[in-house]
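The primary structure of each chain is shown beneath.
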Amino acid sequence: MPSLVSRRCFLFQAAGAATAYAFAATETSGKPLRGIFIIMATPFTESGAVDFEDLEKEAGWLDRCGVQGMVWPQLASEYITLSKEERLRGMEVLARAARGKKPALVLGVQGPNTAAALEYVRHAESLAPDALIAIPPTEAKTLDDFREYYRAIARAAKRPLFMQTTGGAKGIAPSVDFMLELARELPNFRYVKEEYEPVIQRGTELAKHRDVINGVFSGAAGKGMLYEMSLGFDGTMPGAPYSDVYARIWSLYQSGEHEKAREVFAHLLLIINTEQQIPGTRRYIMKKRGVFKTLVSRRDKSVLTPAAIKEIEFQFEGLKPYLTV
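Note that the structure is a prediction, hence the values are computed from the model and not measured.

A. Geometry of the environment of Trp250. Tracing the chain through its elements places Trp250 in helix 9 (residues 243-254). Of the residues examined, Trp250 reaches a relative accessible area of 7% and is grouped as buried. Separated by 37 residues in sequence, Trp250 and Lys287 place their C-alpha atoms 25 Å apart. Sequence-distant contacts of Trp250, defined by excluding residues within four places in its chain, comprise Arg34, Gly35, Ile36, Gln68, Met225, Met229, Asp234 and Gly235.

This is how it looks when you write it as structure tokens:
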């Protein structure tokens, strides 16, 4: 007769296997979590209110751009300026807008602490997105606080969970070993948006552990995407203004047209550099392309000078042959 300890071990292993199987079935029934996943911008009216009409329009535009995913709200979405009510309503708007469209919808559920994050998790889960993403908690004091935060989110979620490695409490670095530990413990903690330096070394180390890590993504406006694709990264999460160009580069590279992908990427890098030199470039392009009505941002109050606009227009002109929308 097996001992009580042996029986308990067997039951624990069987339960774990059942959980992993159930999650795998849920995950594979959804959209592929691989490719260009755009961090959506948040549109504002002239009075500074969230423009939910334009947020819905942005989802449709991203679908036409051919991206594989859309993510909201994150740092580039100015999520720290949004109220809880605005975030919850925005989730609802995007859940409706995403129905019947090709891109996977990933909803951001981060909060300053575990209790706040769980409110967003519960609401997001009720809307059935394709995945969730969470920036680390800003009120954490230790790595153990990170651990308990992600455990709580993953256990409350029914779908895949991305961890973004940056944007949380200062001075706390989630190591690769830390993420692998959580991935082995939590069946849906399988995706990482790696932005913590050194990104390449950390991302390639994560990608060695495909038994528990299903996706390694980058950020930083996709500036390293060609190199990252050559190393086996699963995607990148850039900003919205050039979504069709990112999608085109991804498609070209994946189909083996590496030289053509490099040609398009070279032109994209020029305007990404302009963004770094001229705050407000992204807003200008989103309005110019007919996605947003205004240039309003809650975070960036800079005013574009005629010289700045001239430079943006010059660099965007070089990108026009590669636009598809």
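Once the structure has been displayed, the description carries forward.
B. Focus on the pattern of salt bridges. Using the criterion set out here, one finds 23 salt bridges in the structure. Note that Asp54 is salt-bridged to Lys57, the shortest N-O span being 3.5 Å. Residue Asp54 and its partner Lys57 are both found in helix 2 (residues 52-65); the two are separated by three residues, about one turn of the helix. By relative accessible area, Asp54 is classed as buried at 1%. The network of salt bridges with common partners includes Asp51, Glu53, Asp54, Lys57 and Lys293.

C. Structural detail: unusual backbone geometry. Backbone torsion omega between Trp72 and Pro73 reads -10 degrees, so that peptide bond is classified as cis. Of note, the bond from Glu197 into Pro198 is cis; its omega dihedral lies within 30 degrees of zero at 0 degrees. Structurally, Pro198 can be placed in the loop between strand 6 (189-194) and helix 7 (199-207). One non-glycine residue, Glu78, lies in positive phi territory at about 60 degrees. Structurally, the position occupied by Glu78 is in the loop between strand 2 (69-72) and helix 3 (84-98). Classification of Glu78 as buried rests on a relative accessible area of 2%. Even without glycine at this site, Ala220 takes up a positive phi of about 55 degrees. By the secondary structure assignment, Ala220 is in the loop between strand 7 (215-218) and helix 8 (225-230).

D. Local environment of the side chain of Arg283. By the secondary structure assignment, Arg283 is in helix 11 (residues 281-288). Not counting the four nearest positions on each side in its chain, Arg283 is found in contact with Thr42, Pro43, Phe44, Glu78, Phe292, Leu295, Val296 and Ser297.

E. Structural context of the layout of surface pockets. Quantified by volume, the largest pocket comes out at close to 360 Å³. Considering the residues around the largest pocket, the lining is formed by 19 residues, among which Ala76, Glu195, Ala220, Ala221 and Arg282 are closest to the centre. Take the lining of the largest pocket: its biggest share by element is three residues, from helix 10 (residues 258-277). Tallied by class, residues from the lining of the largest pocket come to eight nonpolar, five polar and six charged. Empty space within the second largest pocket amounts to approximately 290 Å³. What lines the second largest pocket is a set of 19 residues, and nearest its centre among them are Gly280, Arg282, Arg283, Arg299 and Asp300. Sorting elements by how many residues they give to the lining of the second largest pocket places helix 11 first, with four residues. A breakdown of the residues in the lining of the second largest pocket according to their chemical character gives nine nonpolar, four polar and six charged.

F. Region of the structure containing the nonpolar core. Val109, Phe189, Ile249 and Leu268 are the most contacted members of the largest nonpolar core, which has 90 residues in total. With seven residues, the single largest contributor to this core is helix 9. Not counting residues within four places of it along the chain, the set of residues in contact with Leu268 comprises Tyr242, Val245, Tyr246, Ile249 and Leu319. Within the second largest apolar cluster, twelve residues are counted, among which are Ala131, Ile133, Phe217 and Met237.

G. Structural view of the sheet that holds strand 8 (residues 235-236). Reading around the circumference, 1-2-3-4-5-6-7-8 is the order of the eight strands in this closed barrel, with parallel pairing throughout. Alignment of strand 2 against strand 3 (residues 104-108), held across four bridges, turns out to be parallel. Considered in strand 3, the bridge of Met70 is made with Leu105. Its contacts with the sheet put helix 6 (residues 176-185) on strand 5 (161-164) and strand 6, and the angle it makes with strand 6 is roughly 155 degrees. Strands strand 6 and strand 7 of the sheet are contacted by helix 7, whose axis makes an angle of about 165 degrees with strand 6.

H. Looking closely at the packing of aromatic side chains. As enumerated under the stated definition, the model contains six aromatic pairs in all. Aromatic side chains Tyr149 and Tyr150 sit 5.0 Å apart centroid to centroid with 90 degrees between the ring planes, which places their arrangement in the edge-to-face category. No difference in accessibility class separates Tyr149 from Tyr150, as the two residues are buried. For the pair Tyr150 and Phe189, a centre-to-centre distance of 5.8 Å together with 80 degrees between the ring planes defines the contact as edge-to-face. One end of the pair, Tyr150, is in helix 5 (residues 143-156); the other, Phe189, is in strand 6, with 39 residues separating them in the sequence. Three or more aromatic residues joined by ring pairs form one cluster here, namely Phe37, Phe162, Tyr191 and Phe217. The ring of Tyr120 has Arg87 lying over it, and the distance from NZ or CZ to the ring centre is 3.6 Å.

What counts and what doesn't
- Residues numbered from 1 in each chain as written.
- Predicted model: local features only at pLDDT ≥ 70, side-chain atom pairs only at ≥ 80, totals over all residues.
- Heavy atoms only, no water.
- Helix = DSSP H or I, 4+ residues; strand = E, 2+ residues; numbered from the N terminus.
- Buried < 20%, exposed > 50% of the residue type's maximum accessible area, 1.4 Å probe, protein only.
- Contact = heavy atoms within 4.5 Å.
- Salt bridge = Lys/Arg side-chain N within 4 Å of Asp/Glu carboxyl O.
- 1 Å grid on protein atoms, 1.4 Å probe; cavity = no way out; pocket = protein on both sides within 12 Å on 5 of 7 lines; lining within 4 Å.
- Points joined across faces, edges and corners; volume = space filled by probe spheres on them.
- Nonpolar A, V, L, I, M, F, W, Y, C, P; charged D, E, K, R; others polar.
- Core = buried A, V, L, I, M, F, W, Y, C linked by side-chain atoms within 4.5 Å.
- Pairing = 2+ DSSP bridges.
- Axes fitted to C-alpha atoms, helices over the stretch in contact; angles between N-to-C directions.
- Phe/Tyr/Trp six-rings, centres within 6.5 Å; stacked < 30°, edge-to-face > 60°.
- Lys NZ or Arg CZ within 6 Å of the ring centre and 35° of its normal.

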